[in-house]
Amino acid sequence: MGRNKIAVVQTPQADHVNSMGTSATPPPSRPRTSCEQIRKRKFMWSIIFGLLAILIIGSIVVTIIVLKQKDLGASTEASNTTDTTEASNTTDTTEASNTTDTTETLTRTTTEEISSVLSSKTSATITAETTMETTTVRITGTQSTVTTGITFSEIKTTTKTKVPILLTTIDDTVYGVYRTRAGHDSVESMFIFDRYPGQHPIKEAPDMACDGNISTKYLSFGECRSSSDVCVGGVNTGFYLTLRQNATIATGLQICTGKDDPGRDPLVITLEGSNESGEALTKGNSWTHIYEGSSGLFDDPGRGACGKLQSFNNLNRYASYRFLVIDKREKKNCVQYAEVLLFE
């Protein structure tokens, strides 16, 4: 008997069957990272970190350089200031040295030169040691490098000598005054000597204070009598005159002592100027104040000698001058002086 063959047909099975009997697509599997990829990533990160480190270090270096440049600039400025100060001090020292040298040169003026300028009638010696004045020495130069300091390419020295003013009057008259203060009217003193206030000896008249002769003198009793030993005389006395020459600018004054009694020396004086004439000169409002202060005789130069030259600022020209005594050395009944010298 023949046997029936049964054919078994195999059908493809589903990839996955869920609980419900339906098939589902399986989830994709994660790709595996190769060693080559890992090495590439590490290389990239190392490059990034290297660049960041370079940027940080570069910024720090730049900051340090900037700070050093600022410190160097401040140090250079301080050094330049110090060099400038040293140069200025060097210049001041040179000015002082040149001023001293010029002063020593000017004080070598001979007595004969001063005497001849004052008057042809001069018959006595007049000390000329203090009749010169030196102005400030001006120095100009060029500054070289810091290491060498100052190099003077040119030195200019400016000196000014005070010139005596000739006190020759326009009418050969010097008017003596007493009981007169600066800015007030003049009270004329008298020539006749009869022991009354406001008088002076005929042989010791006001014009003898301006005759260029140190052996003569002007003596004034002022408010006192010549016979009084207790009266303080000679204060608020003096004289005025009008110059024969043109108006002058007086900038200095010097007084010479009489031959006797230092207690009569004037110590504090005034000087006024005017361009009025005649009777107007007796009025106080005609006079302009020029100087009030020391006569230069506080340190007694001795008898028949001139005191220190007193300089003052004056820019105005005057044809007439009034000289007054405010105080004297001791409480004597008169004041006296041999010469009053004015200088331009």
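Above: the structure in question.
Residues numbered from 1 in each chain as written. Predicted model: local features only at pLDDT ≥ 70, side-chain atom pairs only at ≥ 80, totals over all residues. Heavy atoms only, no water.

Quick notes on the overall build of the chain
Our working rule: We count a stretch as a helix when DSSP gives it H or I for four or more residues in a row; a strand needs E for two or more, and each element gets its number in order from the N terminus. Accessible area is worked out with a 1.4 Å probe on protein chains only. A residue is then buried under 20% of its type maximum, exposed over 50%, and partly exposed in between. The Shrake-Rupley method, run with a 1.4 Å probe, gives the accessible areas here. Residue values count only the displayed protein chains as cover.
The helix and strand tally for the chain stands at two helices and 13 strands. Among the 344 residues that make up the chain, the fraction classed as buried is 35%. Accessible surface, the chain: about 21,500 Å² in total, of which carbon and sulfur atoms supply 55%.

Digging into the packing of aromatic side chains
The criterion, for reference: What counts as a ring pair is set by centres within 6.5 Å for rings of Phe, Tyr and Trp (its six-membered ring), and what kind of pair is set by the plane angle: stacked under 30 degrees, edge-to-face over 60, tilted for all other angles.
Counted by the stated rule, this structure contains nine aromatic pairs. Pairing Tyr175 with Tyr240 gives two aromatic rings, centres 5.0 Å apart and planes at 15°, and the pair type is stacked. One end of the pair, Tyr175, is in strand β3 (residues 175–178); the other, Tyr240, is in strand β6 (residues 237–242), with 65 residues separating them in the sequence. Take Tyr175: its relative accessible area is 27%, and that puts it in the partly exposed class.

Looking at the nonpolar core
To keep things clear, this is the line we draw: Joining through side-chain atoms within 4.5 Å is the link that ties buried Ala, Val, Leu, Ile, Met, Phe, Trp, Tyr and Cys residues into a set, and such a set is a nonpolar core. Residues are treated as being in contact if the distance between any of their heavy atoms lies within 4.5 Å.
Formed by 27 residues in total, the largest nonpolar core has its most connected members in Phe239, Leu253, Leu271, Tyr321, Phe323 and Tyr337. Looking at this core, the elements that each hand over two or more residues are β6, β7 (252–256), β8 (266–274), β9 (288–294), β11 (320–328), β12 (335–337) and β13 (339–343). If sequence neighbours within four positions are ignored, Leu271 has contacts with Leu253, Thr288, His289, Ile290, Tyr291, Phe312, Tyr321, Arg322, Phe323 and Leu342.

Observations regarding the pairing of β7
Basically, it comes down to this: Note: two strands are recorded as paired if DSSP finds a minimum of 2 bridges between them.
Summarising burial for β7: five of the five residues are buried, a large majority. The alternating pattern of β7 places Gly252, Gln254 and Cys256 and Leu253 and Ile255 on opposite faces, both of which are buried. Across two bridges, β7 lies against strand β10 (residues 310–311) in antiparallel orientation. Counted as the bridge partner of Gly252 is Ser311 from β10. Pairing geometry for β7 and β13, over five bridges, is antiparallel. By the bridge assignment for β13, Gln254 is matched with Leu341.

Quick word on unusual backbone geometry
At Asn236, a residue that is not glycine, the phi angle is positive and equals roughly 65°. Relative to the assigned elements, Asn236 resides in the loop between β5 (218–220) and β6.

Some remarks on the state of the cysteines
The line we're drawing: To count as a disulfide, a pair of cysteine sulfur atoms needs to be within 2.5 Å.
Counted according to the given criterion, the structure contains one disulfide. Put simply, Cys256 and Cys306 are joined by a disulfide, and their sulfur atoms are 1.9 Å apart. Disulfide Cys256 to Cys306: torsion about the S-S bond roughly 75°, handedness right-handed. With Cys256 in strand β7 and Cys306 in the loop between β9 and β10, the pair connects residues that are 50 residues apart, well separated along the chain. Exposure remark for Cys306: the relative accessible area of 7% places this residue in the buried category.

Re the sheet that holds β13
The strand order β10-β7-β13 describes an open sheet built from three strands, whose pairing is antiparallel. Unpaired on one side and paired on the other, β10 and β13 mark the two borders of the sheet.

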